[in-house]
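Given next are the chains, with one letter for each unit.
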Amino acid sequence: MKRLLVILSFLTMFVAEIHGQTSKGAYGFLDMTSSARVAALGNTDLSVYDSDIELGIYNPALINSDMHNALVLSYVNYYADINYGMAQYGRSFGNIGTFTGTVLYHSFGDFLYTDEYGNADGGTFTPSDYNIMIGWGRQLTPHWSIGANVKFAGIQYERFKTFALAVDVAGCYRTGEGWMFSLTARNIGYELYSNFEGDRNELPFRMSAGVSKRLEHMPFLFSIVYENIQKWDLTYDDPLDLEGNYDPLTGTTKKKSSAAQFADNMMRHLVFGGEIYIGKNLVLRAAYNYGMRQNLQTPTKKGMCGFSYGVGIKIWQLSINYSRSEMHIYGSPNYITISTNLDRLTKKGK
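Residues numbered from 1 in each chain as written. Predicted model: local features only at pLDDT ≥ 70, side-chain atom pairs only at ≥ 80, totals over all residues. Heavy atoms only, no water.

## Structural notes on the overall build of the protein chain
Thinking step 1. Regarding its fold elements, the protein chain presents 5 helices and 18 strands.
Thinking step 2. Here the protein chain holds 350 residues, and the buried ones make up 41% of them.
Thinking step 3. A fraction of 55% describes how many contacts in the protein chain between residues 6 or more apart in sequence connect residues 24 or more apart.
Thinking step 4. Of the roughly 18,900 Å² of accessible surface on the protein chain, 61% is carried by carbon and sulfur atoms. (Helix = DSSP H or I, 4+ residues; strand = E, 2+ residues; numbered from the N terminus. Buried < 20%, exposed > 50% of the residue type's maximum accessible area, 1.4 Å probe, protein only. Contact = heavy atoms within 4.5 Å. Areas by Shrake-Rupley, 256 points an atom, 1.4 Å probe, with all protein chains shown as cover.)

Quick look at the structure:
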């Protein structure tokens with residue numbers, strides 16, 4: 001308990017230092033999802049404990065010895081010419097724990113060089129972001145596990161560049177009945193260098209708590225995640241007033257009741273997801289992210305914004321996952337992830 005209090009005190013001081021920084025946004029890509037399974041389950045920090053190595057990117061306490069010699073490749077077809085990918089490998093070292101190595105890369109397509117009048121000179125450049133990560137997880141008891149990720153993240157936009165160092169920390173508790181609880185703190189860090197003008201960029205620190213359970217008598221797993229523990233009010237005032245809350249005749253703005261405001265804020269923190277297992281080789285997934293829906297929908301055409309869905313198929317020793325996340329009515333990113341375990345792959349080859 002004394003060690004735990006020391007660690008929590010250190011993290012509190014470290015987070016206070018982080019929030020002393022002044023600007024935001026440059027490292028938002030650290031929260032972009034590269035895993036098809038995670039995207040299908042709501043683009044959040046899950047608390048699902050199994051052998052899926054890619055879950056450790058978002059909750060390092062899920063890294064475990066079943067991920068030994070696991071290999072994952074992922075590709076995301078985002079909006080416009082934006083594409084990004086991920087490669088990951090895991091290795092277990094007995095009582096020391098299990099380590100993962102991950103490389104994530106985001107490419108924003110080709111941009112033209114122009115003069116001050118907008119005339120292209122024929123040259124191009126490609127802005128990009130990258131994140132190199134080392135993860136570690138260890139099971140302390142049959143019920144408790146902990147983990148951490150160390151990240152080296154950078155931005156390269158033509159001759160402008162920045163890089164930062166960050167860590168994620170997490171803990172999980174699993175009951176004898178199969179309930180899984182987790183607490184995660186992500187992107188605790190500091191910008192080391194930048195040649196952009198202005199103040200130091202802040203990393204997108206956030207905390208989340210999750211619970212999941214695979215039902216005993218039904219082929220179904222459900223997940224509930226409470227995001228952004230560090231900030232209660234996630235609402236904002238829309239300067240365009242697309243919902244028509246402002247009355248120009250009276251000069252007043254329509255406001256929700258206190259109960260409605262509380263319910264709206266609470267729901268913006270919650271992400272609901274689930275998996276349905278059809279046999280041993282097929283999984284269907286879906287999730288609802290209320291906060292994403294409220295932030296990205298349009299009043300005239302809300303569509304499926306905030307919903308995500310996907311499918312997982314096992315073929316031979318390969319697990320293939322595909323998903324779509326309905327972030328906006330004008331398009332949805334496509335995620336595809338292929339994973340295998342090299343030990344099982346080699347044994348089958350023999």
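On we go from here.
## Side note on empty space enclosed by the protein
Thinking step 1. Counted under the stated rule, the structure contains 2 cavities of 30 Å³ or more.
Thinking step 2. Reported here for the largest cavity is a volume of approximately 60 Å³.
Thinking step 3. Forming the boundary of the largest cavity are Phe 29, Leu 30, Met 32, Ile 57, Tyr 58, Leu 104, His 106, Asn 131, Met 133, Lys 151 and Arg 186.
Thinking step 4. Those elements that provide at least two residues to the lining of the largest cavity are strand 3 (98-107) and strand 6 (128-139). (1 Å grid on protein atoms, 1.4 Å probe; cavity = no way out; pocket = protein on both sides within 12 Å on 5 of 7 lines; lining within 4 Å. Points joined across faces, edges and corners; volume = space filled by probe spheres on them.)

## Digging into the side chain of Asn 64
Thinking step 1. Its location among the elements puts Asn 64 in the loop between helix 2 (36-40) and strand 1 (70-77).
Thinking step 2. The exposure class of Asn 64 is buried, given its relative accessible area of 5%.
Thinking step 3. A distance of 3.0 Å separates a polar side-chain atom of Asn 64 from the backbone oxygen of Asp 50. (Polar contact = N/O pair within 3.5 Å; in protein donor to acceptor, adjacent residues only side chain to side chain.)

## As for the side chain of Ser 332
Thinking step 1. Positionally, Ser 332 belongs in the loop between strand 17 (318-325) and strand 18 (334-341).
Thinking step 2. With relative accessibility at 12%, the residue Ser 332 sits in the buried group.
Thinking step 3. Side chain to side chain, Ser 332 and Glu 326 meet in a polar contact 2.5 Å long.
Thinking step 4. The residues contacting Ser 332, other than those within four sequence positions of it, are Tyr 79, Arg 324, Ser 325 and Glu 326.

## Some thoughts on the confidence of the model for the protein chain
Thinking step 1. Residues with a pLDDT of 70 or more make up 85% of the protein chain, whose mean pLDDT is 85.
Thinking step 2. pLDDT under 50 marks residues 1-24. Its contacts with residues more than four places away, or in other chains, come to 24 contacts. (pLDDT = per-residue confidence, 0-100.)

## A word on the packing of aromatic side chains
Thinking step 1. One pass over the structure, following the stated rule, counts 16 aromatic pairs.
Thinking step 2. Taking 6.4 Å as the distance between ring centres and 35° as the angle between the ring planes, the aromatic pair formed by Tyr 130 and Phe 152 counts as tilted. One end of the pair, Tyr 130, is in strand 6; the other, Phe 152, is in strand 7 (residues 144-157), with 22 residues separating them in the sequence.
Thinking step 3. Aromatic ring contacts, followed pair by pair, group Phe 108, Tyr 157, Phe 160 and Phe 196 into a single cluster.
Thinking step 4. Directly above the aromatic system of Tyr 277 lies the positively charged group of Arg 214, at a separation of 3.9 Å from the ring centroid. (Phe/Tyr/Trp six-rings, centres within 6.5 Å; stacked < 30°, edge-to-face > 60°. Lys NZ or Arg CZ within 6 Å of the ring centre and 35° of its normal.)

## Considerations on the environment of Met 207
Thinking step 1. You can see Met 207 is positioned in strand 10 (residues 206-214).
Thinking step 2. The class of Met 207 is partly exposed, set by a relative accessible area of 24%.

## Here we look at helix 3 (residues 258-269)
Residue pairs three or four apart in sequence face the same way in an α-helix, which turns once every 3.6 residues.
Thinking step 1. Compared with the 16 Å implied by 1.5 Å per residue over 12 residues, the 17 Å span of helix 3 between its first and last C-alpha is a close match.
Thinking step 2. Residues Asp 264, Asn 265, Arg 268 and His 269 constitute the buried set of helix 3. Buried residues along helix 3 cover an arc of 140° about the axis, so they all sit on one side.
Thinking step 3. Buried residues along helix 3 sit against strand 11 (220-226), strand 14 (270-278) and helix 4 (290-296). (Expected span 1.5 Å × (residues − 1). Arc of directions from axis to C-beta.)

## Remarks on unusual backbone geometry
Thinking step 1. Despite not being glycine, Asn 228 has its phi angle at roughly 55°, a positive value.
Thinking step 2. Note that Asn 228 resides in the loop between strand 11 and strand 12 (246-247).
Thinking step 3. For Trp 316, which is not glycine, the phi torsion reads 55° and is therefore positive.
Thinking step 4. Mapped onto the elements of the fold, Trp 316 is located in the loop between strand 16 (307-315) and strand 17.
Thinking step 5. For Trp 316, a relative accessible area of 58% puts it in the exposed group.

## Considerations on the pattern of salt bridges
Thinking step 1. In the structure shown here, the tally under the stated rule is 13 salt bridges.
Thinking step 2. Taking the shortest distance from any N to any O, the salt bridge between Asp 31 and Arg 206 comes out at 3.9 Å. One end of the pair, Asp 31, is in the loop between helix 1 (2-18) and helix 2; the other, Arg 206, is in strand 10, with 175 residues separating them in the sequence.
Thinking step 3. Overall, the relative accessible area of 24% leaves Asp 31 in the partly exposed class.
Thinking step 4. Under the relative-accessibility criterion, Arg 206 is labelled buried at 10%. (Salt bridge = Lys/Arg side-chain N within 4 Å of Asp/Glu carboxyl O.)

## Observations regarding the nonpolar core
Thinking step 1. Membership of the largest hydrophobic core comes to 25 residues, with the highest contact counts inside it found for Leu 46, Leu 55 and Leu 62.
Thinking step 2. If you list the elements that add at least two residues to this core, you get strand 1, strand 8 (160-174) and strand 11.
Thinking step 3. When near neighbours in sequence (up to four residues on either side) are disregarded, Leu 46 contacts Val 38, Leu 41, Leu 55, Asn 59, Leu 62, Ser 182, Ser 223 and Val 225.
Thinking step 4. Core analysis: the next-biggest nonpolar cluster, separate from the first, contains 8 residues, Tyr 27, Leu 30, Ile 155 and Ala 164 among them. (Core = buried A, V, L, I, M, F, W, Y, C linked by side-chain atoms within 4.5 Å.)

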